[in-house]
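Examination of the molecular architecture
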Amino acid sequence: MAYKILAVCNNKGGVGKTLVSKMIAEYAALIAGLRVLLIDLDPQCNLSRRYLAMEFDSNNSGNMTPPRHPDWTPEEQDWNGYSDSADIWMKDMYVTYDTDIPNLEILPGHAEKLTDIELVRKEEVYAAVVKRLREDLRHPQNSQDYDLVVIDTRPSKGPLVQAALHAATDLLIPSQMEEPSIEGLYGMWALRNDENIGRAKDDELNLVGILANLMDMRTSLHRDYWNEIRENPNLGGFVLPEKLHTWTDFKLTMAVDETVDGRPDLFRVNSVFRHPPTSKIRVQGEKVCHAVLHRMGLPIKVATSINTQPAEALA
């Protein structure tokens, strides 16, 4: 099976990148039975906070840092027990964290360190930031440990987003059907095309699709933009027919339910795919995630580690 790296990007904020990244990773792990790594490259660390008891940085109360790793012991001399996605650039090693989802690990963000990584001179961006992530994620060891890596990115065209695109095999662009998000969609389309100029034909960044998120079919504005993009000669073929509606239950899955066995470093994750098989968010979520994994060429099998079944619509 081919090892895949999915970047979830839109340079405009508020389009639901974190929700989409979370949903795809959990579907791949829980339903498709794949080994998945989530990487948080957004200094806001919203994705990390869904899985770990992130802490406020003692040096800056507005920044988030990961908790000490539960496997760390005081006897370790070469590691202080903390690890985050910035260590890909700043250290020679990093340690992923387990989550409450079987088969799913996360490399959390560190707000201040991720921000610092982007403070490089323009002429150093490729060598210092962009190239490094690809070298790490394309290392043969990662393909032995994981089937899929999902990268959640910040709303930007900056070095970290460029690095995610350069490392990725596949790109998914979530977008609201409203003007600022549509502008971001076209921006990511152009950035993807620029990325492919320097790639070999057999290594081009595959645009998996454009996903309409926070969609309200009762709103004429959303319907008009939806139809406009589908009729666009360049983008129309990439628009996923499946979409995510603006339902409150989707937003509730971003909340944390409880800790597991009293451990503050491991949350009980409120996943779309732990909802009843007939619930509307699970049925819609499975349709979207099934389409994304199918377009990436990943196998979809029902995992045996949990008592759950795909919705009948995907049988």
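To keep things clear, this report deals only with the structure shown in the data block. Since this is a predicted model, take the numbers as computed values, not measurements.

Turning our eyes to something else, we now look at the pairing of strand β1 (residues 4-8). Of all five residues that make up β1, five are buried, and the element is covered over most of its length. Judged from the five bridges that link them, β1 and strand β7 (residues 148-152) form a sheet pairing that is parallel. Considered in β7, the bridge of Val8 is made with Asp152. Pairing of β1 with strand β8 (residues 170-175) involves three bridges; the strand directions are parallel. When the sheet's bridge partners are listed, Val8 is paired in β8 with Leu172.

This part covers the nonpolar core. Among the nonpolar cores identified, the biggest contains 47 residues, and Leu6, Ile24, Val36, Tyr51, Val292 and Leu293 are the most heavily contacted of them. Secondary-structure elements contributing two or more residues to this core are β1, α1 (17-30), β2 (36-40), β6 (104-107), β7, β9 (206-212) and α11 (280-296). Examining the composition of this core, we find that nine residues originate from one element, α1, more than from any other. Discounting residues that sit within four places of it in the chain, Val292 has contacts with Leu6, Ile24, Leu172, Val208 and Leu240. Residues Leu41, Leu137, Leu171 and Ile210 belong to the second largest nonpolar core, which totals 44 residues.

Let us look at the environment of Leu38. Mapped onto the secondary structure, Leu38 falls in strand β2. When the C-alpha positions of Leu38 and Met217 are compared, they lie 31 Å apart, and in sequence the two are 179 residues distant. Dropping the residues within four chain positions of it, Leu38 is found in contact with Ser21, Ala25, Leu47, Tyr51, Leu104, Glu105, Ile106, Leu107 and Val150.

We now examine the pairing of β2. Here β2 lies mainly inside the structure; five of its five residues are buried. Judged by which residues are buried, β2 turns out to be covered on both faces: Val36, Leu38 and Asp40 on one side and Leu37 and Ile39 on the other are all buried. Both β2 and β6 contribute to a ladder of four bridges, which runs parallel. Looking at β6, one finds that Leu38 is bridged to Ile106. Sheet topology note: the β2/β7 ladder contains five bridges and is parallel. In the sheet register, Val36 faces β7, and the bridge partner there is Leu148.

What counts and what doesn't
Residues numbered from 1 in each chain as written. Predicted model: local features only at pLDDT ≥ 70, side-chain atom pairs only at ≥ 80, totals over all residues. Heavy atoms only, no water. Buried < 20%, exposed > 50% of the residue type's maximum accessible area, 1.4 Å probe, protein only. Helix = DSSP H or I, 4+ residues; strand = E, 2+ residues; numbered from the N terminus. Pairing = 2+ DSSP bridges. Core = buried A, V, L, I, M, F, W, Y, C linked by side-chain atoms within 4.5 Å. Contact = heavy atoms within 4.5 Å.

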